[in-house]
Each structure stands twice: as structure tokens, then as C-alpha cells.
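What follows is the residue order along each chain.
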Amino acid sequence: MSTSVNPELAALTGDYTLDPAHTTIGFVARHAMVTNVKGQFRDFSGTLHLDGSDPAKSTAALDVTMQSIDTGNADRDGHLKSADFFKTDEFPQMTFRSTSVESAGGDDYRVTGDLTILGTTKQITIGLEFNGAAKDPFGNDRVGFEGTAQIKRSEWGLTWNAALETGGVLVSDKIKLTFDISAIKNA
């Protein structure tokens, strides 16, 4: 017996482009063991191919310009762009290419793929929630997703740190990636 397909999801099948004005690609890092520093990348592009009838046939691609990192502090941003962290002169892009998409039940999905930072590629899984679809005031068909992934920055060679007098380190190894995505269906 075949599984029934939700006609509303099937209607969403197609190719989409991320809307940078309504999308945030961000991160959260623990600083000095006591607080979170949040940041985002201001310059990126991405595409989605959604298959509402068979989510496993869906794909996602994201290209991020590392120079566009913004934590709200120019000195910190400069340090993050330097050889201590992202080496943006040598490695101007961070990329993600999905390798599989699976339904996790309801509006939840798991997108697994290859994240490349500093020329090193590792697999990550992003938990995404489908927030819905709508036609915007300009007649564009939009879809929205939000989600997170946890990574250890050391796995990509991001190992710079400083010890604290009270014990611990200045920057956590664990980084939370955050995604608030609005994508427009291609005409």
C-alpha cells in the first residue's frame, strides 16, 4: 500500500532561492565560559530543491562569504577573519552541500551534508522545522524553515584559544549554527 502524499506539500515541489533580506545564517559561541556571543554572516547565497512528494529527493546548497562575519564588535570580527580563525584571505568561502534529507515526523526534517570550512569538509546534520508556505505581497511563493546544528570548531582546524586565569578557555569548542530561512520559488 503506498503512502499518501499531502497535496499541500506536493504543490511546493520546485526550485527556490534564499532571500537574503529575510534569511539569517548565524552562530552562537560560549565566551569566557559565562556568556554567549552571537553572530551572523551578512553575505551568502543558497538554493533549495524541494520535493514535497518525496523529501528524500530534496537538496540544499549554501555559499557564505566569510568576510561578512558580524558579531556586533569590529575588533572581534577582525580577529575572527584573521589567521587565528577563518583566514578569510586564503579561505573566502564556507560551503554546505546536502547529501541527504529525511523526514523526522510532522514538520521536522534532518538535512545531512558536507560543511567545508578552511578547506576541510566534514559531515553535519541540521535539524530543520518547516514553518510554512505563503504567497507574499509581490506574488512570490515563499517557504520558511528554521533550525540548528551543533559542531565542534576544532574538527575544521579552528583551534585558537586562550586559557582563563580561573580555569577554562576563552572560546568554546562547541558552536551552535542557527538557520532562519525564507526562500522564494524560482519562476
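Residues numbered from 1 in each chain as written. Predicted model: local features only at pLDDT ≥ 70, side-chain atom pairs only at ≥ 80, totals over all residues. Heavy atoms only, no water.

### Observations regarding the layout of surface pockets
And step 1. Of the pockets and cavities examined, the largest pocket occupies roughly 410 Å³.
And step 2. Looking at the largest pocket, it is lined by 24 residues, and the ones nearest its centre are Phe 27, Ala 29, Leu 80, Phe 85 and Val 171.
And step 3. Secondary-structure elements contributing two or more residues to the lining of the largest pocket are strand S2 (24-31), strand S3 (35-41), helix H2 (74-81) and strand S11 (171-185).
And step 4. The dominant element in the lining of the largest pocket, judged by the number of residues it contributes, is S2, at 4 residues.
And step 5. By residue class, the composition of the lining of the largest pocket is 18 nonpolar, 3 polar and 3 charged. (1 Å grid on protein atoms, 1.4 Å probe; cavity = no way out; pocket = protein on both sides within 12 Å on 5 of 7 lines; lining within 4 Å. Points joined across faces, edges and corners; volume = space filled by probe spheres on them. Helix = DSSP H or I, 4+ residues; strand = E, 2+ residues; numbered from the N terminus. Nonpolar A, V, L, I, M, F, W, Y, C, P; charged D, E, K, R; others polar.)

### A word on the pattern of salt bridges
And step 1. The full count for this structure, using the stated rule, is 7 salt bridges.
And step 2. Here Glu 102 and Arg 110 are joined by a salt bridge, their closest N and O atoms 3.2 Å apart.
And step 3. Connected through salt bridges with shared partners, the residues Asp 19, Asp 136 and Arg 142 form a single ionic network. (Salt bridge = Lys/Arg side-chain N within 4 Å of Asp/Glu carboxyl O.)

### Quick word on the nonpolar core
And step 1. Membership of the largest hydrophobic core comes to 42 residues, with the highest contact counts inside it found for Leu 115, Ile 124 and Leu 177.
And step 2. The greatest single-element share of this core, amounting to 6 residues, is contributed by S11. (Core = buried A, V, L, I, M, F, W, Y, C linked by side-chain atoms within 4.5 Å. Buried < 20%, exposed > 50% of the residue type's maximum accessible area, 1.4 Å probe, protein only.)

### Section: empty space enclosed by the protein
And step 1. For the structure on display, the rule yields 2 cavities of 30 Å³ or more.
And step 2. Estimates place the volume of the largest cavity at around 430 Å³.
And step 3. In terms of lining residues, the largest cavity is bounded by 27 residues, among which Leu 48, Leu 50, Val 111, Leu 128 and Phe 145 are the most central.
And step 4. Going through the elements one at a time, strand S4 (44-50), strand S5 (59-65), strand S7 (93-103), strand S8 (108-117), strand S9 (120-135) and S11 are the ones with two or more residues in the lining of the largest cavity.
And step 5. If one sorts the elements of the lining of the largest cavity by residue count, S4 sits on top with 5 residues.
And step 6. Split into classes, the residues belonging to the lining of the largest cavity amount to 20 nonpolar, 6 polar and 1 charged.
And step 7. Its volume calculated, the second largest cavity comes out at about 90 Å³.
And step 8. Elements that contribute at least two residues to the lining of the second largest cavity include exactly S2, S5, S7 and S11.
And step 9. Sorting elements by how many residues they give to the lining of the second largest cavity places S7 first, with 3 residues.
And step 10. When its residues are assigned to classes, the lining of the second largest cavity shows 10 nonpolar, 2 polar and no charged.

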